[in-house]
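Summary of structural features
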Amino acid sequence: MKKTKLLFLLLMHAGMIANVNAQESELPLSGPAYDIADAAYKAYARGDYAQAVQQAREAVRLRPDVLRLKQLLTQAEEAQKNQGKATSTPKAATGKPASAANPAYTAANKAYKAYAKQDYEAAVGDAQNAVRLDPANASYWTLLINSQIAAQRYAEAEKTVIEAMQRFGATASLVSQREVVNQNIAAQAGSAIYQALEQQNFSKAVSSAHRAVAYAPEKRIYRLLLVHSLLSANRLEEAEQALEPLLKKADDPVPLIWRGYIKQRLGQRAAAIADFEKALSMRSELTTEERVNLRLIVADAGLSAGESDATLEVLQTLDGNAAVATRKRSAAEMRLRLARPGSVATNKIMQPPALRCRSATNGEVCSLVPGAAPADPAYASADAAYKALAKRDYSLALSKVREALQLSPDNPAYQLLLVDILSRDGQLAEAEREATLALDKGNRDPELRAQRGRVRLALYKTQLADEDFNQVLLSNDASLPLQIEMLSKLGRRNEARQRFNAASEAGAFDGMSKVELAYLAASAGDSLGAFTLFDLAYRDGSLPPNAIPDAGYAALNARRDPEATTYFRRTVDAVDKGDIAMAPQQLFETRRGIADLERSWGAVASLNYRGSSLQPGSGIAPSGTNNTAQIGGEVYWRPFGYRSGRPIEVYASVFETVYSKDKALTGAPTAQGGVGVRWKPFSETNVIVALQRQIKIGSASGDGDWLARLAYSNSFGTDLRVDKPSWWTGQIFGEVGRYIDQKQTYSIFEGQLGRSYRLDDINPNLTITPHFVIGSDFNSTLRVPAEKTAVGAGPGVNVRYWYRQDHYKAPQSYVDFSLQYRFKISGDERAQGVVLRTTFYY
């Protein structure tokens, strides 16, 4: 029974026995969610309930679909509350302070303290006394149940939960506790299955498996063990019945292969062939090795039935594998033997396919291997590598996976694991080298080639990455989601969408949830389809809270601004409720998105004193004069809304000169108005196209003219940050304008780089930004060629105060003061001097 023990240990490693593991209907835990959940369980185990609550809440935010994480959160909150009762002045059920002389309170208090010290047996005894003395106090029942669970007295806990429900009804807390009890009873039954199999007591193994399934029907592993036990007991008809729930998972070949085996054992070869063919046609998430194993099992079935041609047909596409070669030789020998006169095929009993599970980056995957699962000499090292990777101990993970590869150098799963660890550790060049070595040695797993492509993309080896992505697309083993991802990475979004649509129509994604399909549609570039699926999931209650922001971005990409606003507001609400845990800056950026989406108009007023600088976006051409001050303002309106980052704005402006060092005309005679329309044609690129009619207002402002403008800007760190006290800030702005009647062309450019500091001691919405600036302007009407362009650079400081925010919107307005001094680099004297700006943006 050593092989049976190995099988069970492998299953335990895959995370399917312990009560802290994922339900089969859920996507497996991996990545940050796994790390945080692990920390939460450890905090709960050592009695640090405050930390357990915090970690569990974050784990639930990341994976709201996992029931056991919600159960952990409920238990941690209950334990924290009970712990607090033990250290604070308790109150009786009447709301009045409980007397220390109250026997029930005294017993409960002792139980809380024993529980906090992890003396769970003592806690059980004291809690039982508390319940006996005051059976109407629901918190004492909760304390007793928690203590019995912690003491692993699950049968007693089950009885207590039932009694509590009869007394208080099926409250959320009791339902959650009963679920935990059930999971633990199922886990105990799972251990009993192992012991029975090891002792070859198959009858006991079957009864224990039935008990495990009864208490945890959602856990696939118990159903698999039930089938395994029934097959070991040669109870084929019962095993076939036990397979029925597993067969409901549309993309799982394991139950189909097992049913095919049972059908063949029962003499139903045609039905077995149908199951085998259906299993081999599935596009399930299996490695190349696992797909080969499935074909080997079907080949063994052919050999068992004496059908050499069927065996060779299923092995036709396989080569380079010793197991394949052995079976091909056996089939060839059988063909020669059957060709002899008088020879007849003889059936041989086929050993049941054995179960083998592995940990993958996206969870646990179980497949079948021919006969009994062989002992893997590298299992212990690989297991240690997976555990170290989960803890982000990359040094230990690398050491262990290299040990595993020394023992199993051609194991594709370990080769992929090595590349994955190196990638996560930032050793991109080494990850690329190891992936290349594995591929050169014959590893044909498309996921490994895709991983090398991702690494090369991170190394900016775009051409080589594209070659890998294209090779994955040529592979027959690449799953549809992987194909769609590759097409998207290659920029072939139309093909990705077509493949997604074709697969959907063919039923390739049948059985996937709306949320899973939504993410797949988003990967295919079908933003509208993704949003529709997200929205349908929200309406039927299946959208997890952590997917609400993604629904908002899908709506935004689909140009559905009102719906995007709705989902971003729901995001804020979910954060308030604790359903989503967001970093402060993430929440701020969500509120910024709401403010941008809901803005329909705005106003800007400014006062500018310049050497060579112009107010960006003012539409005023460089005049060639130095040291003048202008004041003006603009009001704009977005008649069609935000348009997913492509707004059209109608605006009107007035500017006039209020000071001139050269004693030029100032005041009302210089006032000039303008009305126009501007358009941002691209959502992700800040290009503005504008057409403006200049209007003569003052007597000295010149005749009206048409002005066409093209502007571009880009920036980082210019918005307020709430997650750090200082950050780097940079921006560039360029504008080209043409006065049609005057035949004048101008351009301006300005670039800044600095560091912003939040002045929290004064106001957290107040920032100061010392910076370096370079600016230039060009005026085609200036007579001296050398003076047409002026360039200056120098230091500056900017002070900005943000205001006008609410619960859902980030600050929508600011007052900005900027002071610079520029030294001339080229051009006339307007390139140097003081530049002063005051801007009021509403």
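Before any of the text, the structure's been laid out above.
Residues numbered from 1 in each chain as written. Predicted model: local features only at pLDDT ≥ 70, side-chain atom pairs only at ≥ 80, totals over all residues. Heavy atoms only, no water.

Across its full length, the chain holds 31 helices and 14 strands. By the burial criterion, 49% of the 842 residues in the chain qualify as buried. Total accessible area computed for the chain in this model is approximately 39,100 Å², and 54% of it derives from carbon and sulfur atoms. (Helix = DSSP H or I, 4+ residues; strand = E, 2+ residues; numbered from the N terminus. Buried < 20%, exposed > 50% of the residue type's maximum accessible area, 1.4 Å probe, protein only. Areas by Shrake-Rupley, 256 points an atom, 1.4 Å probe, with all protein chains shown as cover.)

Moving on: the nonpolar core. Core analysis: the largest hydrophobic core is formed by 83 residues, its most contacted members being Tyr222, Val227, Leu231, Ile257, Trp258 and Leu368. Apart from residues lying up to four places away in sequence, Leu231 is in contact with Leu236, Ala239, Trp258, Tyr261, Ile262 and Pro352. Ala465, Met486, Ile548 and Ala555 belong to the second largest nonpolar core, which has 41 residues in total. (Core = buried A, V, L, I, M, F, W, Y, C linked by side-chain atoms within 4.5 Å. Contact = heavy atoms within 4.5 Å.)

With that out of the way, let us pick up the pattern of salt bridges. By the definition in use, this model includes 42 salt bridges. With a closest N to O distance of 4.0 Å, Asp126 and Lys110 form a salt bridge. On the criterion of sequence distance, the pair formed by Asp126 in helix H6 (residues 120-133) and Lys110 in helix H5 (residues 103-116) is long-range, its members being 16 residues apart. Residue classification places Asp126 among the buried positions, given a relative accessible area of 14%. Residue Lys110 is classed as partly exposed on the basis of its relative accessible area of 48%. Here Glu403 makes a salt bridge to Lys400, at a shortest N to O gap of 3.7 Å. Note that Glu403 and Lys400 are positioned in helix H19 (residues 394-407) at a spacing of three residues, about one turn of the helix. Assessed through its relative accessible area of 31%, Glu403 is described here as partly exposed. A residue is classified by how much of its surface remains accessible, and Lys400, at 24% relative accessible area, is partly exposed. If you follow the salt bridges from partner to partner, you end up with Glu432, Arg449, Arg452, Arg456, Lys461 and Asp468 in one network. (Salt bridge = Lys/Arg side-chain N within 4 Å of Asp/Glu carboxyl O.)

Spatial ordering of the closed barrel is given by E3-E4-E5-E6-E7-E8-E9-E10-E11-E12-E13-E14, a layout of 12 strands whose pairing is antiparallel. Averaged over all pairs of adjacent strands, the angle between their axes in this sheet comes to 20°, without regard to strand direction. In this structure, strand E11 (residues 766-779) lies alongside strand E12 (residues 789-803), joined through 13 bridges in antiparallel fashion. Each residue of the ladder has a partner; that of Ser776, found in E12, is Val791. (Pairing = 2+ DSSP bridges. Axes fitted to C-alpha atoms, helices over the stretch in contact; angles between N-to-C directions.)

The subject of this paragraph is the pairing of E11. In this structure, strand E10 (residues 744-758) lies alongside E11, joined through 11 bridges in antiparallel fashion. In the sheet register, Ser747 faces E11, and the bridge partner there is Phe778.

A word on helix H13 (residues 253-265). Note on helix geometry: an α-helix contains 3.6 residues per turn, so any two residues three or four positions apart are oriented the same way. The end-to-end C-alpha distance of H13 is 18 Å, a good match for the 18 Å that 13 residues give at a rise of 1.5 Å each. Among the 13 residues of H13, 11 are classified as buried, and the element is accordingly described as predominantly covered. Within the sequence span of H13, burial applies to Pro253, Val254, Pro255, Leu256, Ile257, Trp258, Gly260, Tyr261, Ile262, Lys263 and Gln264. Backbone nitrogen of Val254 and a side-chain oxygen of the N-cap are separated by 3.1 Å at the start of H13; the cap is Asp252. Among the residues trailing H13, Gly267 stands out with phi positive, at a value near 85°. (Expected span 1.5 Å × (residues − 1). Polar contact = N/O pair within 3.5 Å; in protein donor to acceptor, adjacent residues only side chain to side chain.)

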